[in-house]
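Observations on chain architecture
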Amino acid sequence: MTTMFSQDPADLINRVGRHWGWVLAYGILTLLAGIVVLAWPSETLLVLAVLLGIQLIISGIFRFVAALASADLTGGTRVMLALLGVLSIIIGLWAVRHVVLTLVALAVFLGIFWVVNGLIEIFTAISHRDPPDRGWSSLMGVLSIIAGLIVLAFPGLTLLGLAVILGIWLLVFGIMEIMAAFRLRRLQDSTPERHRVDA
């Protein structure tokens with residue numbers, strides 16, 4: 001036990017992370033999460049919106065308490081942090097109360113971000129003629145603008161599509177992690193010294 005705690009923490013975490021059982025468990029959980037998202041995409045979005053609201057409420061409470069409790073802050077900074085905390089609590093409560101509107105608002109913000117990002121990509125590609133990938137940057141900018149406009153035109157359908165894409169990504173990633181776990185197990189079993197240490 002003393003030897004375990006005397007080791008370098010980074011090395012200890014690395015050894016635990018390489019154990020095939022942990023990788024397998026992570027892969028299975030990721031795979032199950034993907035199945036859940038694909039089976040209930042709308043419900044998954046609602047849960048995410050509620051979690052976002054709860055996170056904003058908790059963050060606001062911490063900011064408000066920190067603004068009142070910290071002795072290092074000046075009066076103006078203390079007031080600004082306290083107001084930010086109150087605003088975060090209000091937005092969080094609104095998000096939990098109006099989940100569907102929260103999802104639509106998130107979709108709108110995402111669409112605006114993609115449009116602005118696409119415009120910046122195109123402007124950068126046009127104004128800088130030296131980079132060899134300016135054609136690719138311009139294409140990515142155009143695609144980003146198109147995606148943003150689609151999101152702004154159909155926010156509800158876009159969110160559902162994003163949930164489906166997330167579910168598929170989780171499925172693929174979970175399967176890859178499970179395969180990596182079994183490869184890691186074979187590698188550990190083929191190395192006698194490492195096998196003895198893990199045993």
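Okay, so let's go over this structure.

Conventions and cut-offs
- Residues numbered from 1 in each chain as written.
- Predicted model: local features only at pLDDT ≥ 70, side-chain atom pairs only at ≥ 80, totals over all residues.
- Heavy atoms only, no water.
- Helix = DSSP H or I, 4+ residues; strand = E, 2+ residues; numbered from the N terminus.
- Contact = heavy atoms within 4.5 Å.
- Areas by Shrake-Rupley, 256 points an atom, 1.4 Å probe, with all protein chains shown as cover.
- Phe/Tyr/Trp six-rings, centres within 6.5 Å; stacked < 30°, edge-to-face > 60°.
- Buried < 20%, exposed > 50% of the residue type's maximum accessible area, 1.4 Å probe, protein only.
- Polar contact = N/O pair within 3.5 Å; in protein donor to acceptor, adjacent residues only side chain to side chain.
- Expected span 1.5 Å × (residues − 1).

**Some details on the overall build of the protein chain**
Looking only at helices and strands, one finds nine helices and zero strands in the protein chain. Once local pairs closer than 6 in sequence are excluded, the contacts in the protein chain between residues at least 24 apart make up 70%. Counting only carbon and sulfur atoms, one obtains 75% of the accessible surface of the protein chain, whose full area is about 13,600 Å².

**Looking at the packing of aromatic side chains**
Tallied over the full model, the rule gives two aromatic pairs. Ring geometry for Tyr26 against Phe173: centres 6.1 Å apart, planes inclined by 85°, an arrangement best described as edge-to-face. You can see Tyr26 sitting in helix H3 (residues 20-39) and its partner Phe173 sitting in helix H8 (residues 155-190), a full 147 residues away along the chain. With a relative accessible area of 25%, Phe173 lands in the partly exposed category.

**Some details on the environment of Val99**
Here Val99 is to be found in helix H6 (residues 99-127). Sequence spacing of Val99 and Val50 is 49 residues, and the spatial spacing of their C-alpha atoms is 6.6 Å. In contact with Val99, other than residues within four places in its own chain, are Leu46, Ala49 and Val50.

**Quick notes on the side chain of Ser144**
Along the chain, the position of Ser144 falls in helix H7 (residues 134-153). At 2.6 Å, the side chain of Ser144 and the backbone oxygen of Trp114 are in polar contact.

**Digging into H6**
Counting along an α-helix, one turn takes 3.6 residues, and residues three or four places apart therefore face a common direction. With 29 residues, H6 ought to run about 42 Å at 1.5 Å a step, and its terminal C-alpha atoms sit 42 Å apart, in line with that. Of all the positions in H6, only Val99, Thr102, Leu103, Ala107, Gly111, Val115, Gly118 and Ala125 are classed as buried. On the buried face of H6, the contacting elements are helix H4 (41-69), helix H5 (75-97), H7 and H8.

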